[in-house]
Amino acid sequence: MKNIVVLISGNGSNLQAIIDACEQKRIHGTIRAVFSNKADAFGLERARAAGIPPHALSASQFASREAFDRELMHEIDAYAPDVVVLAGYMRILSAEFVQHYQGKLLNIHPSLLPKYPGLNTHRQALENGDAEHGTSVHFVTEELDGGPVILQARVPVFDGDDEDDITARVQAQEHAIYPLVVGWFLDGRLKMQDNHAWLDDIPLPPAGYAAEE
């Protein structure tokens, strides 16, 4: 069985979607550990409830981002991960960390990348009057939210929507597509090669699988 390690910072709803998919055998792998940079993250409670070892590391204990990430790598590697999944992990990763897990580090970002990297994506979509918004699963590279996109899901933005409306709509799609992509990776169907995402030995277009051309 393949090993999954998940990194979170908050509620952990995408973590829960992956836990459920593993239990339902939609993902052929096991979550070996969950790590958070916030000791009070509710996602750690989700891990405990599922019998998954929870770990919290505080940045205040370390002299630098690099020192924090080196300790995090050391603790993650004890679980021999086949994939490292960022599920609402809100720390910027050091270059050393990204390089260490290159090709097996996945993230989900709440926008249709390359649109709106970084924070406050739902607010930006509203302020710009976007008719649609969405979420992207991508491989992680040293460029913030800039790695090759694997799969996107689009949602409509309606008149009168607020950030909570859009958040709920986007998260419903995230909970569907993130477990799917993790499953593809662990089944050997998905890989990163030459800074592109490949599925079933076919390079994916810039907006990922099943993108509108």
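Keep in mind it's a predicted model, so treat the numbers as computed, not measured. (Residues numbered from 1 in each chain as written. Predicted model: local features only at pLDDT ≥ 70, side-chain atom pairs only at ≥ 80, totals over all residues. Heavy atoms only, no water.)

1. Focus: the packing of aromatic side chains
Alright, step 1. The full count for this structure, using the stated rule, is five aromatic pairs.
Alright, step 2. When the centroid spacing of 5.4 Å and the interplanar angle of 80 degrees are considered together, the rings of Phe62 and Phe68 count as edge-to-face.
Alright, step 3. Classification of Phe62 by relative accessible area gives partly exposed; the value is 23%.
Alright, step 4. The lysine or arginine in question, Arg91, covers the ring of Phe68, its NZ or CZ lying 4.1 Å from the ring centre.
Alright, step 5. Looking at Lys191, its charged tip hangs above the ring of Trp198, at a distance of 5.9 Å from the centre. (Phe/Tyr/Trp six-rings, centres within 6.5 Å; stacked < 30°, edge-to-face > 60°. Buried < 20%, exposed > 50% of the residue type's maximum accessible area, 1.4 Å probe, protein only. Lys NZ or Arg CZ within 6 Å of the ring centre and 35° of its normal.)

2. A short note on the side chain of His138
Alright, step 1. Of note, His138 is situated in strand 6 (residues 132-139).
Alright, step 2. According to the relative accessible area criterion, His138 is buried, its value standing at 1%. (Helix = DSSP H or I, 4+ residues; strand = E, 2+ residues; numbered from the N terminus.)

3. Considering the sheet that holds strand 2 (residues 29-36)
For sheets, the rule is that strands pair by backbone hydrogen bonds, running either parallel or antiparallel.
Alright, step 1. Pairing is mixed in the open sheet, where seven strands are placed in the order 3-2-1-4-5-6-7. The sheet is open, and its two borders are formed by strand 3 (54-56) and strand 7 (149-156), each paired with just one other strand. Strand after strand, the sheet turns through a mean of 20 degrees between neighbouring axes, direction not considered.
Alright, step 2. Here strand 4 (residues 83-86) runs beside strand 5 (residues 105-109); their pairing, made up of three bridges, is parallel. Bridging across to strand 5, Val84 finds its partner in Leu105.
Alright, step 3. Packed on one face of the sheet, helix 1 (residues 13-23) meets strand 1 (2-8), strand 2, strand 4 and strand 5 and runs near 160 degrees to strand 2. (Pairing = 2+ DSSP bridges. Axes fitted to C-alpha atoms, helices over the stretch in contact; angles between N-to-C directions. Contact = heavy atoms within 4.5 Å.)

4. Considering the packing of helix 1 against helix 6 (residues 163-186)
Alright, step 1. Orientation of helix 1 relative to helix 6, taken along the N-to-C sense of each, is 50 degrees, at an axis distance of 9 Å. Considering the angle they form, helix 1 stands oblique to helix 6. Once helix 1 is placed against helix 6, the crossing between them reads as right-handed. Side by side, helix 1 and helix 6 meet where Ser13, Asn14, Ala17, Ile18 and Ala21 of the first sit next to Gln171, Glu174, His175, Tyr178, Pro179 and Val182 of the second.
Alright, step 2. Of the residues contributing to the contact of helix 1 with helix 6, the split by class is six nonpolar, four polar and one charged. (Parallel < 35°, antiparallel > 145°, perpendicular 65-115°, else oblique. Left-handed = near helix turned anticlockwise from the far one by under 90°. Nonpolar A, V, L, I, M, F, W, Y, C, P; charged D, E, K, R; others polar.)

5. Side note on helix 3 (residues 65-77)
Alright, step 1. With 13 residues, helix 3 ought to run about 18 Å at 1.5 Å a step, and its terminal C-alpha atoms sit 18 Å apart, in line with that.
Alright, step 2. All of the buried residues in helix 3 are Phe68, Asp69, Leu72, Met73 and Ile76. Mapping the buried residues of helix 3 onto a view down its axis gives an arc of 135 degrees, with all of them on the same face.
Alright, step 3. At its buried positions, helix 3 is contacted by strand 1, strand 2, strand 4 and helix 4 (95-100). (Expected span 1.5 Å × (residues − 1). Arc of directions from axis to C-beta.)

6. Some thoughts on the environment of Leu190
Alright, step 1. Along the polypeptide, Leu190 turns up in strand 8 (residues 190-193).
Alright, step 2. Spatially, the C-alpha atom of Leu190 lies 8.7 Å from that of Ile150, the residues being 40 residues apart in sequence.
Alright, step 3. Once residues within four sequence positions are removed from consideration, Leu190 is found in contact with Phe139, Ile150, Val181, Trp184, Phe185, Trp198 and Leu199.

7. Quick word on unusual backbone geometry
Alright, step 1. The omega torsion of the bond from Leu113 to Pro114 falls at 10 degrees, within 30 degrees of zero and hence cis.
Alright, step 2. As for its position among the elements, Pro114 is in the loop between strand 5 and helix 5 (121-127).
Alright, step 3. The phi dihedral of Asp194 is positive, around 55 degrees, even though this residue is not glycine.
Alright, step 4. By secondary structure assignment, the location of Asp194 is in the loop between strand 8 and strand 9 (196-199).

8. Observations regarding the pattern of salt bridges
A side chain with one charge can pair with a side chain of the opposite charge if their charged atoms come near.
Alright, step 1. Applying the stated criterion across every chain, the model contains eight salt bridges.
Alright, step 2. Note that Glu163 is salt-bridged to Arg123, the shortest N-O span being 3.2 Å. Here Glu163 is found in helix 6, whereas its partner Arg123 is found in helix 5, with 40 residues between them in sequence.
Alright, step 3. Residue classification places Glu163 among the partly exposed residues on the basis of a relative accessible area of 31%.
Alright, step 4. Among the residues examined, Arg123 registers a relative accessible area of 37% and is labelled partly exposed.
Alright, step 5. Here Glu132 makes a salt bridge to Arg154, at a shortest N to O gap of 2.6 Å. Placement of Glu132 in strand 6 and of Arg154 in strand 7 is noted, with a sequence separation of 22 residues between them.
Alright, step 6. For Arg154, a relative accessible area of 37% translates into the label partly exposed. (Salt bridge = Lys/Arg side-chain N within 4 Å of Asp/Glu carboxyl O.)

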